[in-house]
Amino acid sequence: MITMDDIVREGHPALREVAEEVPLPPTAEDKETLQEMLQFLKNSQNEEVANKYKLRAGVGLAAPQLGLNKRMIAIHFYDFNERLYSYGLFNPKIVSHSVEGTYLSTGEGCLSVDREVPGIVPRHARITLKAVDLDGNEIKLRLKGYAAIVFQHEIDHLNGIMFYDHINQDDPFKAPDNATPADQA
């Protein structure tokens, strides 16, 4: 079982490396790791389990956050319309994105960052991504708003990018041009 102790924190070199593609079909070990990553997210959102194991709630987890140089992400959350997104993905790749932007008005957080980092993180409002799921199926997802933000955050981890790298250092709360907040209807 993955715990908070397994998650590397900012400053760890794995968080700044570009992760390597996972050979497909994935090994049994890679599938098991990805399933454990997904289970961690589910556990972190279950109040009883989270309290017992001192887990911080998370909606996404990337293999580099476990010190693994592999292009694997797990996502588990409900969007603002109560739609469930629950995926374990190998080699996710954004194949297209909108010109329009979005962001969370409250900023973003990360399981690998144990501090508040205030500021707006500009993201694409809509993305299309391709990946291979836990069952070995090639999938294509069209995402918008909050879902697009979560997936972009995790894919950034695969490219050695932290969310705060996107924050405007001169004016952290300046809303990006051509962008609307995803968390305000």
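Per an unreviewed UniProt entry, the protein chain carries the name Peptide deformylase and comes from Salinibacillus xinjiangensis. Checking UniProt for the protein chain, the heading Function (unreviewed entry) contains the comment "Removes the formyl group from the N-terminal Met of newly synthesized proteins. Requires at least a dipeptide for an efficient rate of reaction. N-terminal L-methionine is a prerequisite for activity but the enzyme has broad specificity at other positions." Its UniProt record gives the protein chain the following Sequence similarities (unreviewed entry) comment, quoted word for word: "Belongs to the polypeptide deformylase family."

**Q** Account for the sheet that holds strand β8 (residues 179-181), with residues named and values stated.
**A** Across the sheet, three strands lie side by side as β5-β4-β8; this open sheet has mixed pairing. The two strands at the open ends of the sheet, each matched to only one other strand, are β5 (123-124) and β8. Examined bridge by bridge, strand β4 (residues 101-103) and β8 share three bridges and lie parallel to one another. Across the sheet, the residue bridging to G101 is A179, located in β8.

**Q** Tell me about the pattern of salt bridges, and please be specific about residues and values.
**A** Applying the stated rule across the entire model yields nine salt bridges. Two residues, D114 and R9, come together in a salt bridge whose shortest N-O distance is 2.9 Å. Pair noted here: D114 is in the loop between β4 and β5 and R9 is in the segment before α1 (28-45), with a separation of 105 residues, a long-range link. The class for D114 is exposed, based on a relative accessible area of 53%. E100 is the partner of R126 in a salt bridge, and the nearest nitrogen-oxygen pair spans 2.8 Å. Note that R126 is positioned in strand β6 (residues 126-133) and E100 in the loop between β3 (84-97) and β4, a separation of 26 residues in sequence. Connected through salt bridges with shared partners, the residues R9, R56 and D114 form a single ionic network.

About the cut-offs
- Residues numbered from 1 in each chain as written.
- Predicted model: local features only at pLDDT ≥ 70, side-chain atom pairs only at ≥ 80, totals over all residues.
- Heavy atoms only, no water.
- UniProt positions renumbered as here; feature names shortened; annotations may be inferred.
- Pairing = 2+ DSSP bridges.
- Helix = DSSP H or I, 4+ residues; strand = E, 2+ residues; numbered from the N terminus.
- Salt bridge = Lys/Arg side-chain N within 4 Å of Asp/Glu carboxyl O.
- Buried < 20%, exposed > 50% of the residue type's maximum accessible area, 1.4 Å probe, protein only.

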